[in-house]
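# Structural description and commentary
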Amino acid sequence: PLVLGIETSCDETGIGIVRGRTLLSNTIASSMDEHARYGGVVPEVAARAHLEALQPSIEAALAEAGVSLHDLDAVAVTSGPGLAGALMVGIGAAKALAVSLGKPLYAVNHLVGHIAADTLDTDAGPLEYPTVALLVSGGHTSLLLVRDLTTDVELLGETMDDAAGEAFDKVARILGLPYPGGPEIDRAAASGDPDAIRFPRGLSRASDLAKHRYDFSFSGLKTAVARWIEQREAAGEDFSAEDVAASFREAVVDVLVTKALAACVDHDVPRLLLGGGVIANRRLREVALARAAEQGVTVRIPPLSLCTDNGAMIAALASELIMSGRRPSTLAFGADSTLPVTEIQVAQEREE
Ligand code: ATP
Ligand code: MG
Ligand code: FE
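Residues numbered from 1 in each chain as written. Chains lettered and ligands numbered in written order. Predicted model: local features only at pLDDT ≥ 70, side-chain atom pairs only at ≥ 80, totals over all residues.

So, on to the sheet that holds strand β8 (residues 152-158). The 5 strands lie next to each other as β8-β7-β6-β9-β10, forming an open sheet whose pairing is mixed. Looking at the sheet topology across the chains shown, the edges are occupied by β8 and β10 (298-300). Each adjacent strand pair in this sheet contributes to an overall mean axis angle of 25°, direction not counted. Of the strand pairs in this sheet, strand β6 (residues 131-136) and strand β9 (residues 271-275) are connected by 4 bridges, and their pairing is parallel. Its bridge partner lying in β9, V132 is registered against L272. (Pairing = 2+ DSSP bridges. Helix = DSSP H or I, 4+ residues; strand = E, 2+ residues; numbered from the N terminus. Axes fitted to C-alpha atoms, helices over the stretch in contact; angles between N-to-C directions.)

Here's what the structure looks like:
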């Protein structure tokens, strides 16, 4: 099926067009620059930016794919989780398109969309099940067990406080680096010593593991970094910001990879899929690939344009739902900022 997907859950206005599992276009407009001076995404600013970017993005995506609106078999949209106001703009546009064109509408889960992005990565071959998926972005840190993309996604664990990307952004701020902090920390860390400072690995003690084996916590780490710097400054001691960046990055990467591989081993799943904007982190990819190889686990990492928020992944998920015979959504749905990952599609039409 030829599907157009609309993604507006955060600061990216993503329009993607797929035919089956073939990617035809993936247009991304980001309002990141407008949020930079606030040090994080401002919901109202994001919603307004989506409104302005949608129409031109849809036109650009259609042109790049070489198709017209009337060729579409379905329209897909993210219904959650995400920023309520931002989601509403995309949902409004998707409903308007579907109704005016008389095409079926599929309202889908953003997190499952991140996994669906992987169906478009033809170099890696078809997605195999079951697979463990680690999604790490500015808003999410989730560990999932995917038995089937369209019917069975289980949440194994998630962050109890900050998302991994958020931790990068906050620590960058502490170090006086600009937003978004992930790429900045990555750059600074390249010339630092990852073993210089032993920062805490959240929820990794034996007592924590009993209850939170697959959960994450990064706010303690952020506080530990802030306190470590305060102490050096109070004592008038010099320190290397590169070492702090490298040691912090190592702590984040260590926990992410350790817990993801524990999930693979515990569930006897020799496959790990990585997604989300934090996958851009070089050290994360390096450590994940090396440690997974030791455990006999194969790692799938889609190209970065499919890892960060995009519309193609939303179209890809709807395409999978259609190919497995699922009925479309009714118009009776809205934005659900806390939509659980187990709800792959919302407001599905009932059988007559
Ligand atoms: P959502 O949580 O809804 O997926 P988002 O916009 O916050 O949305 P992404 O766009 O997928 O998430 O990723 C952005 C996050 O990734 C930011 O927090 C950013 O700092 C982080 N990031 C980007 N590059 C790197 C990197 N090289 N290392 C670490 N973090 C990075
Ligand atoms: Mg983003
Ligand atoms: Fe996302």
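Back to the write-up after that little detour.
What follows covers the UniProt feature "binding site: substrate" (unreviewed entry) in the protein. Mapped onto the present numbering, the UniProt feature "binding site: substrate" (unreviewed entry) falls at L135, V136, S137, G138, G139, D169, G182, D186 and N281. With near-sequence residues (within four places) excluded, L135 lies in contact with L111, H114, H140, S142, L144, G275 and G276. One can find S137 in the loop between β6 and β7 (141-148). Residue classification places S137 among the buried positions, given that 24 C-beta atoms sit within 10 Å. In this view, S137 contacts A163, G165, G276, G277 and V278; residues no more than four positions away in its chain are not counted. (UniProt positions renumbered as here; feature names shortened; annotations may be inferred. Contact = placed C-beta atoms within 7 Å. Buried ≥ 20, exposed ≤ 12 C-beta atoms within 10 Å, placed from the backbone.)

Taking the numbering used here, the UniProt-annotated feature "domain: Gcp-like" (unreviewed entry) corresponds to residues 23-315. Regarding residues 23-315, the helix share stands at 49% and the strand share at 17%, and the terminal C-alpha atoms are separated by 9 Å.

Here we take up the confidence of the model for the protein. The predicted model of the protein has a mean per-residue pLDDT of 96, with 100% of residues at 70 or higher. Model confidence for the complex is summarised by a pTM of 0.96, with the ipTM given as 0.97. (pLDDT = per-residue confidence, 0-100.)

Another point: the nonpolar core. Counting 110 residues, the largest nonpolar core has A76 and A318 as its most contacted members. No other element matches helix α9 (residues 241-266), which puts 14 residues into this core. Other than its neighbours up to four places away in sequence, A76 contacts V3, L4, G5, I6, Y106, V108, I314, A315, L317 and A318. (Core = buried A, V, L, I, M, F, W, Y, C linked by C-beta atoms within 7 Å.)

Between α9 and helix α10 (residues 282-295), whose axes approach to 10 Å, the crossing angle comes to 35°. For α9 against α10, the interelement crossing comes out right-handed. Of the residues in α10, those in contact with R249, V253, L256, V257, L261, C264 and V265 of α9 are R283, L284, V287, A288, R291, A292 and Q295. By residue class, the composition of the contact of α9 with α10 is 10 nonpolar, 1 polar and 3 charged. (Left-handed = near helix turned anticlockwise from the far one by under 90°. Nonpolar A, V, L, I, M, F, W, Y, C, P; charged D, E, K, R; others polar.)

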